[in-house]
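Spelled out, the chains give:
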Amino acid sequence: MKTKNFSYCFFNNQFIEIEKAKISIMTNALQYGTGVFGGIRGYFNKKTHSIFIFRLTDHYQRFLKSLKILGVSIDYQLDELKKITVELTKKNQSKTDCYYRPFAYAGSNSISPNLAENNHFDFSLYMISLGDYLPTNKGIKAMISTWRRVSDNSIPARAKISGAYINSSLAKKEAIDNGYDEAIVLKENGEVSEASAANLFMVKDGVLVTTEKADDILEGITRKTIIQLAKDLKIPFEERRIDKTELYTADEVFFCGTGVQISWVYQIDKRVIGDGNRGRITGQLQDLFFKIVRGEDKKYSSFWCTEVKLKK
Ligand code: PMP
């Protein structure tokens, strides 16, 4: 994946050059994964010469909820976080699609994983340029991972907690090592949860189905977007538990997330999904999604995207 860093980031309450944003080897978050992060995309629109940031409010709302689950705080409220993000976009004048990484972390040098001692996190934000994380114009191959998703009572998946991503790393590594593009992770009870870092949808007999919020998933912003679009497009939709073998016989399967966007699956554990091509409903949602995020859809872009005009 080719990326490029932008010059400025937000670190220690100020905008500074990214090279100067350094932390100590003793940082608590580095030792224990005591951090919470976000991932937000900005899409460059050549015509308007602006960046469209997708669902900024929703992303920071989830970010703040993740902190609440950990029982920790940061110096910034929702509006300030949004303002910092817009300000950073202006400072970096990004003329490519980009990805924002807000990060709140235990910045102290405490040797203990005790969050009661480390209950005030530092906040930072940086940007990179980012194209497709997984292919979006051709199908991908997925495997059902032998790893299980962390459960809500172990490390809550609905909070985007840094340390929890070892679970994603293991599943993704297993998939890549075995010649697949992505992993599907099951819950402890063997039902489907989600992909390593994306939510999962399938189409079965004309019905769009995704797993429930209580299925140890991260409650994705893209997932929420797709559910809304399906309702508006009158695509029959169900939010319910999914068995592993239902995936093998699904007509369509796709993953969605900020990084992944919408990426369709043509094969799971060597079983071809549908006819191996992009399905009708996937196609309908994918085409609309990419118009919306780039600010090209009158109906949705204006309320889901934050436009930041760049200098000519
Ligand atoms: N699940 C996991 C584990 C993820 O890391 C992501 C990516 N943030 C998602 C789902 C999709 O969430 P979103 O659409 O908010 O990016």
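Since we're looking at a predicted model, the values are computed, not measured. (Residues numbered from 1 in each chain as written. Predicted model: local features only at pLDDT ≥ 70, side-chain atom pairs only at ≥ 80, totals over all residues. Heavy atoms only, no water.)

Q: So what exactly am I meant to see when it comes to the overall build of the chain here?
A: Each helix and strand counted, the chain has eight helices and 17 strands in total. In terms of C-alpha radius of gyration, the chain reaches 19 Å, essentially the compact-globule figure of 20 Å for 312 residues. Based on the C-alpha atoms only, the size of the chain along its principal axes is roughly 50 × 50 × 30 Å. Residues counted as buried form 54% of the 312 residues belonging to the chain. Residue pairs in contact within the chain that sit at least 24 positions apart in sequence constitute 73% of those at least 6 positions apart. When the accessible surface of the chain is split by element, carbon and sulfur atoms take 50% of a total near 14,500 Å². (Helix = DSSP H or I, 4+ residues; strand = E, 2+ residues; numbered from the N terminus. Rg over C-alpha atoms; globule rule 2.2 N^0.38 Å. Buried < 20%, exposed > 50% of the residue type's maximum accessible area, 1.4 Å probe, protein only. Contact = heavy atoms within 4.5 Å. Areas by Shrake-Rupley, 256 points an atom, 1.4 Å probe, with all protein chains shown as cover.)

Q: I would appreciate a short explanation of the site of the ligand in the present structure.
A: Around the ligand there are 17 residues in total, and Arg62, Tyr165, Glu194, Thr222 and Thr258 lie nearest to it. Between the ligand and the protein, one listed contact pairs an oxygen atom with a side-chain N or O atom of Tyr165 at 2.6 Å. Contacts to the ligand include Thr222, whose side-chain N or O atom sits 2.6 Å from an oxygen atom. Look at the ligand: alone it shows 380 Å² of surface, and the protein chains cover 97% of it. Each residue belonging to the shell around the ligand can be placed in one class, and the counts come to six nonpolar, seven polar and four charged. (Near = heavy atom within 4 Å. Polar contact = N/O pair within 3.5 Å; in protein donor to acceptor, adjacent residues only side chain to side chain. Nonpolar A, V, L, I, M, F, W, Y, C, P; charged D, E, K, R; others polar.)

Q: Would you explain empty space enclosed by the protein in this entry?
A: Space left empty within the atom packing is revealed by a probe, the size of a water molecule, rolled over the atoms. One pass over the full model with this rule turns up three cavities of 30 Å³ or more. Here the largest cavity is characterised by a volume of approximately 70 Å³. Among the secondary structure elements, those contributing two or more residues to the lining of the largest cavity are β4 (40-45) and α5 (221-232). Per-class residue counts for the lining of the largest cavity are four nonpolar, five polar and one charged. Counted as a void, the second largest cavity has a volume near 50 Å³. Tallied by class, the residues present in the lining of the second largest cavity amount to seven nonpolar, one polar and one charged. (1 Å grid on protein atoms, 1.4 Å probe; cavity = no way out; pocket = protein on both sides within 12 Å on 5 of 7 lines; lining within 4 Å. Points joined across faces, edges and corners; volume = space filled by probe spheres on them.)

Function-wise, these values are silent; they only describe arrangement.
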